[in-house]
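Per-entry structural report
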Amino acid sequence: MAILVLGGAGYIGSHTVYELIDAGREVVVADNLITGFKAAVHPKAKFYQIDLRNRVELDELFENEEIDGVIHFAAFSQVGESMSKPLKYYENNLWGTTVLLQSMVAHGVDKIVFSSTAATYGEPERIPILENDRTQPTNCYGETKLAMEKMMRWTGGAHPLHYVALRYFNACGAHMSGSIGEAHNPETHLIPLILQVPLGVREKVSIFGDDYPTKDGTCVRDYIHVTDLAQAHILALDYLMKGGESNVFNLGNGVGFTVKEVIDVARRVTGHPIPAEISPRRAGDPAQLVASSEKAKSVLGWKPQYDSLETIVDSAWKWHKAHPNGFEG
């Protein structure tokens with residue numbers, strides 16, 4: 001029996017595939033390669049280039065492969081773009097998940113782990129955020145992810161489907177082997193954008209807003225290493241395999257860093273001055289997002305291994321130095 005990883009050519013998906021294969025699991029990857037890279041797919045994984053919204057292709061996959069469980073990463077995820085192109089996000093994220101769940105129900109596949117986001121909370125009522133806190137997204141990306149969670153919950157009420165939604169925010173870092181890492185086009189994530197300065201790709205990094213109610217006026221986020229996230233998805237799938245009920249878990253290190261603090265760490269790691277300039281706020285950015293992961297630790301037995309920001313930035317720096325053009329050269 002195999003694990004189907006949707007979006008397995010993307011950033012977090014590809015790292016999860018590596019961890020699954022290292023653990024001796026059989027893995028099938030499905031990705032349309034709109035934002036993913038074939039070169040990021042583990043050579044031992046079976047690969048299908050299909051679009052999640054294509055029911056015919058998805059049905060063929062489930063008919064050809066013995067799928068025991070699904071890990072779902074296949075969604076657009078850029079906050080800024082979601083605000084300017086909301087219908088693109090609804091069409092891809094919600095319709096894609098609708099087709100997936102239809103096909104899973106039709107083929108009797110009843111376990112799914114879903115890559116959700118702390119953006120489902122919006123501007124949090126408290127820090128750290130708990131799983132039962134209010135969910136009121138401030139951007140369209142978070143709204144679509146929350147709708148995807150609800151879709152799974154209602155589907156699970158009508159059909160024998162069990163799900164785990166994992167809410168995390170700033171995935172970062174790269175595989176410790178240096179074989180895969182973060183590559184987006186365009187790049188919107190903070191750490192790779194910062195590292196583009198010492199790589200000579202850009203002259204300076206932009207800080208979007210310095211008037212937030214935080215200690216230095218810049219946004220606070222909880223940064224978590226991509227391999228730790230990958231391990232959490234595997235633990236969540238094992239939890240479902242052992243009969244666990246549908247559930248929602250936060251994933252984070254429980255420590256928030258401001259944008260300026262992340263830039264300072266990158267300066268130390270790279271030895272480069274990394275000039276920064278203040279730019280206007282981005283629409284939909286909450287001031288602080290820091291997750292409590294106590295539930296994931298107690299129920300899933302999850303324990304982050306790479307929880308130092310220096311370690312995270314250093315792993316990213318090694319990847320970007322060796323692959324300045326990502327997977328394209």
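Read on for a plain summary of the structure.

What counts and how
- Residues numbered from 1 in each chain as written.
- Predicted model: local features only at pLDDT ≥ 70, side-chain atom pairs only at ≥ 80, totals over all residues.
- Heavy atoms only, no water.
- Phe/Tyr/Trp six-rings, centres within 6.5 Å; stacked < 30°, edge-to-face > 60°.
- Buried < 20%, exposed > 50% of the residue type's maximum accessible area, 1.4 Å probe, protein only.
- Pairing = 2+ DSSP bridges.
- Helix = DSSP H or I, 4+ residues; strand = E, 2+ residues; numbered from the N terminus.
- Axes fitted to C-alpha atoms, helices over the stretch in contact; angles between N-to-C directions.
- Core = buried A, V, L, I, M, F, W, Y, C linked by side-chain atoms within 4.5 Å.
- Expected span 1.5 Å × (residues − 1).
- Salt bridge = Lys/Arg side-chain N within 4 Å of Asp/Glu carboxyl O.
- Contact = heavy atoms within 4.5 Å.
- Polar contact = N/O pair within 3.5 Å; in protein donor to acceptor, adjacent residues only side chain to side chain.

Describing the packing of aromatic side chains
Considering all chains together, one arrives at 4 aromatic pairs under this definition. Aromatic pair W319 and F327: ring centres 5.0 Å apart, planes at 45 degrees, arrangement tilted. The two residues W319 and F327 agree in class, both being buried. Put simply, the rings of F37, W319 and F327 touch in pairs and so form one group of aromatic residues.

Considering the sheet that holds strand β4 (residues 67-72)
Neighbouring strands of a sheet are bound in pairs by backbone hydrogen bonds; such pairs are parallel or else antiparallel. Ordered in space as β3-β2-β1-β4-β5-β6-β11, the 7 strands form an open sheet in which the pairing is parallel. Both outer strands of the open sheet, β3 (46-48) and β11 (247-251), are each paired with one neighbouring strand and no more. In this sheet, neighbouring strand axes are inclined to one another by 20 degrees on average, regardless of whether the strands run parallel or antiparallel.

Structural notes on the nonpolar core
In this structure, I12, V27, V113, V164, L166 and L251 are the most contacted members of the largest nonpolar core, which totals 33 residues. Only β1 (2-6), α1 (11-22), β2 (27-30), β6 (162-168), α7 (226-241), β11 and α9 (294-300) provide two or more residues apiece to this core. Take this core: its biggest share by element is 8 residues, from α7. One finds Y48, I67, L161 and V248 within the second-largest nonpolar core, a separate group that totals 29 residues.

Overview of the sheet that holds strand β9 (residues 220-221)
Taken in spatial order, the 3 strands make up an open sheet running β12-β9-β14, and their pairing is mixed. On the outer flanks of this sheet lie β12 (257-258) and β14 (288-289), each paired with one strand and no other. Direction of pairing for β9 relative to β12: antiparallel, over a ladder of 2 bridges. Opposite R221, over in β12, you have F257 as the bridge partner.

Digging into the pairing of β1
Counting buried positions along β1 yields 5 of 5 residues, so the element is predominantly enclosed. Alternating positions in β1 separate into two faces, A2, L4 and L6 on one and I3 and V5 on the other, with burial throughout. Here 5 bridges tie β1 to β4, and the two strands are oriented parallel to one another. Paired with L6 across the strands is H72, a residue of β4. With 4 bridges connecting them, β1 and β2 associate as parallel partners. Residue I3 lies in a different strand from β2, and its bridge partner there is V27.

Some remarks on α1
Taking 1.5 Å of rise per residue, 12 residues should cover 16 Å, and α1 covers 17 Å from first to last C-alpha, within 8% of that figure. Where burial is concerned, most of α1 is hidden: 11 out of the 12 residues are buried. Three or more residues of α1 are buried, namely Y11, I12, G13, S14, H15, T16, V17, Y18, E19, L20 and I21. Positive backbone phi, approximately 85 degrees, marks G24, located one or two places after α1.

Quick notes on the pattern of salt bridges
Two side chains carrying opposite charge are able to pair once their charged atoms lie near each other. Enumeration according to the criterion identifies 17 salt bridges in this entry. With a closest N to O distance of 2.8 Å, R267 and D264 form a salt bridge. Of this pair, R267 and D264 both sit in helix α8 (residues 259-270), separated by 3 residues, roughly a single helical turn. Between E310 and R268 there is a salt bridge whose closest N-O contact spans 2.9 Å. Of this pair, E310 sits in helix α10 (residues 309-322) while R268 is found in helix α8, placing the two residues 42 residues apart along the sequence. A residue is classified by how much of its surface remains accessible, and R268, at 56% relative accessible area, is exposed. Here the residues in one salt-bridge network are D51, R53 and E91, joined through shared partners.

Digging into the environment of H225
By the secondary structure assignment, H225 is in strand β10 (residues 223-225). Here H225 falls in the buried class, since its relative accessible area comes to 0%. Residues H225 and V197, spaced 28 residues apart in sequence, show a C-alpha to C-alpha distance of 21 Å. Not counting chain neighbours up to four residues away, the residues in contact with H225 comprise C172, G173, A174, M176, Y306, I312 and S315. A polar atom in the side chain of H225 sits 3.1 Å from the backbone oxygen of A174.

Some remarks on the environment of N185
Take N185: it is sitting in the loop between β7 (170-172) and α6 (190-195). N185 sits 141 residues away from G326 along the chain, and the two C-alpha atoms are 9.5 Å apart.

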